[in-house]
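Secondary and tertiary structure notes
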Amino acid sequence: MGASGITKVGVLGIGLMGSGIAQVSAAFGFETVVVDVSEEVVRRGMARIEDSLARLVASYERSGGQRGISAEQKGATLAKLRATSNRQQLMDRDIVIEAVTENYSAKAELYQQLVRLGYSGLLASNTSSISITQLAANYSRPDRFIGMHFMNPVPIQPGVEVIRGLLTSEETSRVCLAFAEELGKVPIPAEDKAGFGINRMFVPFLNEAVRVVEEGIMSVEDADKTTLCLGHKMGPLTTLDYVGLDTALAVAEVLEAELGPAYKPAPLLRRLVQAGHFGVKNGKGFYVYEEGKPLSVNPAVARYRIKA
Ligand SMILES: NC(=O)c1ccc[n+]([C@@H]2O[C@H](COP(=O)([O-])OP(=O)(O)OC[C@H]3O[C@@H](n4cnc5c(N)ncnc54)[C@H](O)[C@@H]3O)[C@@H](O)[C@H]2O)c1
């Protein structure tokens, strides 16, 4: 057991982020249970984790053990991981990390359910933008509530913002900073203001990239190309497709409400979400994808222009 004292971890949500958090937690030796709404969603989430582990094993074999993980490490990770649609299985956890849809009411209702089921351990939200203090008001132990904002893709990106709400205790903060390190991550303390540190800086950048496209300044591919030329590993529109356009829109709306009109979501971002184009997760965003691989720019995006 490490300095945090945590051995049993629960994760709520096996989507893009929850699957990554559960994978990393199991890979670092924590007994991990991950819960989502139905057995079908759980099965899809587990397939994502197995695919991610298989890619890490392939990387290990290609690099002669320099990168990735061995087949034995993959087996050890899966042995520490249990996925279910039964929330009751979270009750004995030292910490539950919530990574469900970026929606205040959905998160609030879930915390109230956990309280009714009898949970009173540490509760961390992976929210990208919603106030930790406001979320904590739905939990019986706001002193044990904190933000742990992992970055996407979780198995690759080292940063985790650790955000104290107004009522988060010193002890909760100490334990969660230590726990982030035990997950092999770099903990970055942040205060509870919309977007915390990273999204305060990063969301306007992504949003402006959408405006560059919708105002006809650059094509989708060229807007991506410009930042690749700056040394970024991924262009902003491809990044938005990986983040999920629905999630990006929800985050921008929270930032706009708290920080003002500079954070107003670009109209094209909203239109794509209204059309049901959420990015890689459902095959259409700024690009069209097949089995996670981009095929072309989405024709719906290419058609959309705001006339000056
Ligand atoms: N996408 C990103 O790049 C990113 C990065 C950092 C943080 N986040 C945050 O992580 C959280 C999850 O985002 P995501 O991108 O993984 O979303 P996602 O849409 O991929 O997954 C959300 C999951 O939550 C599940 N869910 C919804 N309600 C639930 C409930 N009541 N009980 C159990 N499961 C439930 C859904 O079935 C789904 O599997 C959000 O708060 C988001 O802001 C996202």
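Look up a bit, the structure's there.
Residues numbered from 1 in each chain as written. Predicted model: local features only at pLDDT ≥ 70, side-chain atom pairs only at ≥ 80, totals over all residues. Heavy atoms only, no water.

With that out of the way, let us pick up the pairing of strand β10 (residues 293–297). Buried residues are scarce in β10, accounting for zero of its five residues. One ladder, built from four bridges, connects strand β9 (residues 287–290) with β10; its direction is antiparallel. The partner of Tyr 289 across the bridge, within β10, is Pro 294. Connecting β9 to the antiparallel partner β10 that follows it, the hairpin turn spans two residues, and Glu 291 within it adopts a positive phi of roughly 50°. (Buried < 20%, exposed > 50% of the residue type's maximum accessible area, 1.4 Å probe, protein only. Helix = DSSP H or I, 4+ residues; strand = E, 2+ residues; numbered from the N terminus. Pairing = 2+ DSSP bridges.)

Near the ligand you find 23 residues, and of these Met 17, Asp 36, Glu 102, Ser 128 and Val 243 are the closest. Separating an oxygen atom of the ligand from a backbone N or O atom of Leu 16 is a distance of 3.0 Å. In the environment of the ligand, an oxygen atom lies 2.8 Å from a nitrogen or oxygen atom belonging to the side chain of Lys 107. At the level of secondary structure, the elements contributing two or more residues to the shell around the ligand comprise α1 (16–27), α4 (104–117) and β6 (145–150). Considering only residue class, the shell around the ligand consists of nine nonpolar, nine polar and five charged. (Near = heavy atom within 4 Å. Polar contact = N/O pair within 3.5 Å; in protein donor to acceptor, adjacent residues only side chain to side chain. Nonpolar A, V, L, I, M, F, W, Y, C, P; charged D, E, K, R; others polar.)

So, about the packing of helix α7 (residues 198–214) against helix α10 (residues 245–259). Look at α7 against α10: their axes get within 11 Å of each other, and the N-to-C directions meet at 110°. As judged from the angle between their axes, α7 and α10 are roughly perpendicular. The crossing of α7 and α10 is left-handed. Seen from α7, the contacting residues are Asn 199, Arg 200 and Val 203; seen from α10, they are Val 251, Ala 252, Leu 255 and Leu 259. Of the residues assigned to the contact of α7 with α10, the class counts are five nonpolar, one polar and one charged. (Axes fitted to C-alpha atoms, helices over the stretch in contact; angles between N-to-C directions. Parallel < 35°, antiparallel > 145°, perpendicular 65-115°, else oblique. Left-handed = near helix turned anticlockwise from the far one by under 90°. Contact = heavy atoms within 4.5 Å.)

So, on to unusual backbone geometry. Asn 152 connects to Pro 153 through a cis peptide bond whose omega is -5°. Of note, Pro 153 is situated in the loop between β6 and β7 (159–164). The phi dihedral of Phe 196 is positive, around 50°, even though this residue is not glycine. Along the chain, Phe 196 falls in the loop between β8 (186–191) and α7. Although it is not a glycine, Glu 291 adopts a positive phi angle of roughly 50°.

Coordinates in, geometry out; function isn't part of it.
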